Structures are given as structure tokens and as C-alpha cells.
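Below are the chains, spelled out letter by letter.
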Amino acid sequence: MHISERERDLPKAVLNDIMNAVEKDKSIISLGAGEPDFKLPKPLQDYIKKVKDINHYTPSGGLKELREALSKKLMKDNKINVNPDNIIITSGSQEAILLALTSTLDVSERVVVPDPCYLGYISAIELVNASPVSVPVNEDCDFCFDPDKLRRSVLPRKTKGIIINSPSNPTGSVFSKKLLEQISDIAVDNDLWIYSDEAYEKIVYDKKHVSIGSLNGMSDRVATFQTFSKGYSMCGFRVGYCAGPPNLIRAMNKAHTYTSIAPSTLSQKVALKALSLSPRYINSMVKEYRRRRDMIVMRLNSIGLHTIKPEGAFYTFSNIQNYSKDSFRFSKDLLNKAKVAVVPGAEFGVNGEGYIRCSYATEYHKIEEGMNRIDKFLGKKTL
Ligand SMILES: Cc1ncc(COP(=O)(O)O)c(C=O)c1O
């Protein structure tokens with residue numbers, strides 16, 4: 001029977017093949033996964049054993065108590081002033097991104113995305129029959145948008161929004177307040193939505209995370225996406241949310257009724273509990289990520305894979321051009337011959353070619369062993 005063209009055109013993520021290979025061959029060291037390796041914080045593990053009243057749907061926007069707690073969190077942590085009614089809880093932030101795109105884009109309208117970018121954006125834009133427009137973010141600009149290039153990519157009346165992702169997957173870049181202000185100016189001048197994916201807001205090392213939704217005059221045009229997945233090591237619970245202006249959240253709520261109806265009640269209750277955790281749980285995870293980051297960046301550079309020190313998230317994005325121009329071939333060789341799984345940069349966009357992404361959401365000693373293997377493997381090749 002017929003499968004839609006839209007579905008057939010969706011790219012098949014190489015990441016799935018890599019993770020399948022890792023599953024089959026236990027000798028492989030995986031630097032591929034995009035999820036924290038930490039256990040669920042102990043108070044949440046205990047809470048799950050006794051949580052009650054989880055068998056009913058919640059309202060499609062999510063539990064009122066959770067939205068109220070998030071409204072306070074957004075004010076305190078992100079300086080975003082948003083009423084609980086202007087927050088929608090979703091099954092992961094990925095669902096929120098899709099609902100926001102569904103709610104704001106008509107067929108063939110354009111959305112600007114960074115290249116390289118998180119795999120989910122392009123497919124989500126295409127799923128709503130809109131068009132992604134890639135703007136390169138280059139190593140020489142610390143993988144941040146160049147405001148002039150960004151402005152030039154906007155077509156009057158056709159371009160409806162810009163996706164920003166700081167801290168970034170796959171590059172680890174963190175946008176400065178100044179850059180966010182420049183992006184805001186472009187959005188205001190061209191009447192654009194800003195879709196601000198802040199999945200890694202809690203995982204920053206050197207710079208402070210700034211939410212573009214907190215900047216003057218932006219509250220009517222910014223959709224802020226955050227999640228419990230990365231900061232709290234809660235990927236499997238599938239709880240994310242979006243904060244935005246009333247017309248957007250109303251539209252997303254409507255669409256939500258026709259997708260998952262509401263996120264899991266159990267997961268929302270655990271998320272509410274997570275918001276009351278002592279900051280030391282997140283701080284200790286970030287401290288460990290920093291320790292791994294410092295080591296992996298040093299090792300990659302000494303191997304000849306030039307790597308900028310990421311300022312957030314848990315990924316390095318290394319330049320492989322000393323060895324290869326083909327990131328798929330290179331990653332395949334590392335997987336099959338060195339038994340280390342990394343993700344080819346081209347998986348994240350044309351401009352990601354010539355790079356590989358390593359995740360350091362993996363135990364320290366495994367990262368070290370992975371680096372030893374890559375070093376040994378590449379040592380056989382002449383630079
Ligand atoms: C940049 C970015 N945004 C969003 C997501 C989706 O996360 P979730 O749906 O678990 O909230 C991910 C997951 O890897 C991500 O890396």
C-alpha cells in the first residue's frame with residue numbers, strides 16, 4: 001500500500017544505524033549517543049515508587065501545578081516572564097517543536113536553520129510542508145550565526161522564522177547576548193518567529209546561558225523550548241515544554257489534542273518533583289561533563305583532529321580534514337576498524353561535512369580508551 005512521499009522523503013538517520021551497531025558489538029566504545037549517561041537522581045527514583053493518581057489524562061496543556069512551577073522557573077532561571085497558561089507541556093521538546101511549526105507555518109513558507117544543526121529541525125519543517133533554509137555556522141565564528149549572512153537569508157514575506165539552538169547540538173556553541181540581540185533585531189525588522197531550542201540550557205561551562213525570550217520586545221515572537229531530558233537525565237520520561245505568546249500556545253494546545261492528547265501523567269509528576277531538586281544534582285553532572293570535555297578536547301587536538309572547546313551541551317565537533325574530507329567514510333572506518341562510534345558531521349547538514357561529532361555523555365575512562373583507539377588507528381595514517 002502507498003506510503004506518502006512526505007514520509008518517503010524523510011532522511012534515514014545514520015545515528016540509528018550507528019546505535020544498532022553499538023548494540024550488537026559490545027566491544028565498540030560509543031561516543032555517538034545524544035543522551036546523558038547519568039542515573040536518574042536518587043530522590044526521583046524514590047518518588048517514582050510512591051507516586052499516586054497517574055492513571056488519568058491530564059489537560060492537553062499539561063498539569064496545572066507543573067505549568068505553575070515552570071512559570072516560576074522560567075522567571076528565575078531565564079528571566080522569561082510567562083503566565084502558566086502560556087506554557088504547554090509536551091512529550092519531549094521534540095513534540096513541542098513540531099507543534100509550534102505546525103501552528104505557525106503554512107505550506108512552502110521558509111524557516112532559517114543553522115547548518116550544521118540538530119537532526120530534528122529539517123525533518124520537522126518538511127513534515128509540515130514548509131522549507132528549511134540553511135545558513136552556515138562556521139568554525140571560524142565558533143559555530144555561531146554570522147548576523148550579516150543571517151539577514152541576507154531572509155526573504156521578505158516568504159521567511160517566517162529562525163530556529164536557534166544555544167547551547168548547540170552538534171557543535172556545543174553558546175550564543176552571546178550580543179548575538180541574540182542582533183538576531184532579535186533581524187526578527188523584529190522582518191516580522192519573524194524565533195524558535196529557540198534551549199534543550200541544553202542547564203549544561204553550560206564558561207558563558208552564561210541567555211534566553212532570547214527574555215530580551216526586550218521579544219515575548220510576542222519567541223517560542224522557547226526546554227526539556228527535562230538533558231539537564232535532569234530524564235530522556236526516557238519524555239517531558240518537554242514550550243513557553244510563548246498566548247496565540248501560539250492556544251494553537252499548539254489545539255494541535256496537541258490531535259497528536260498525543262497529553263503527555264504522560266507519571267512523567268509530568270516526576271518532572272514537577274525534579275524542579276524541587278537541590279541544584280547540586282545538576283551541578284555535579286555539569287562538573288563531570290566539564291572534566292570530560294577538558295580531557296576529550298585536549299586528546300582530539302593532540303591527535304590532529306582540530307577541536308574548539310565547546311561552551312555548552314556535551315558534544316565536540318572536530319575538524320577531520322587532516323585525514324579525510326568524507327565524514328561518513330571516516331566515521332565508518334572508526335566504527336569498523338577502531339571500534340569507536342562517532343557521528344559524521346555531514347549528518348547534521350552540508351556544512352557539517354569535514355567534521356565528526358563525539359558525545360562525552362560517556363564515562364571518563366571509556367572516552368579515554370576511545371581516544372587511545374582513534375590515536376592508534378590514525379597513527380597508522382600519515383598526516
Ligand atoms: C538540540 C536538541 N533539541 C531537542 C531535542 C529533543 O529532546 P527531547 O524531545 O528529549 O526533549 C534534542 C535531543 O537530542 C536535541 O539535541
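You'll find the structure just up there.
From a predicted model like this one, the values you see are computed outputs, not experimental measurements.

(A) Inspection of the overall build of the protein at higher detail. Assigned secondary structure in the protein consists of 13 helices and 13 strands. Its C-alpha atoms give the protein principal-axis dimensions of about 60 × 55 × 50 Å. For the protein, buried positions account for 48% of its 383 residues. Contacts spanning at least 24 positions in sequence make up 74% of the contacts within the protein whose residues lie at least 6 apart.

(B) Structural view of the site of the ligand. With respect to spatial proximity, 14 residues lie near the ligand, and among them Gly92, Ser93, Gln94, Thr227 and Ser229 are the closest. Counting residues per element, the shell around the ligand draws most heavily on helix α5 (residues 92–104), at three residues.

(C) Local environment of unusual backbone geometry. With omega at -10°, the peptide bond leading from Ser166 into Pro167 counts as cis. Along the polypeptide, Pro167 turns up in the loop between β5 (159–165) and α8 (177–190). Cis peptide bonds are those with omega within 30 degrees of zero, and the linkage from Asn169 to Pro170 qualifies with 20°. On the secondary structure map, Pro170 appears in the loop between β5 and α8.

(D) Broad picture of the sheet that holds strand β13 (residues 355–359). Taken together, four strands build an open sheet; the order of strands is β9-β10-β13-β12 and the sheet is antiparallel. Of all strands in the sheet, those with a lone pairing partner are β9 (306–307) and β12 (343–344), marking the two edges. Pairing geometry for strand β10 (residues 315–319) and β13, over five bridges, is antiparallel. For Asn319, the partnering residue across the bridge sits in β13 and is Tyr355.

Reading the values: the criteria
- Residues numbered from 1 in each chain as written.
- Predicted model: local features only at pLDDT ≥ 70, side-chain atom pairs only at ≥ 80, totals over all residues.
- Helix = DSSP H or I, 4+ residues; strand = E, 2+ residues; numbered from the N terminus.
- Buried ≥ 20, exposed ≤ 12 C-beta atoms within 10 Å, placed from the backbone.
- Contact = placed C-beta atoms within 7 Å.
- Near = placed C-beta within 6 Å.
- Pairing = 2+ DSSP bridges.

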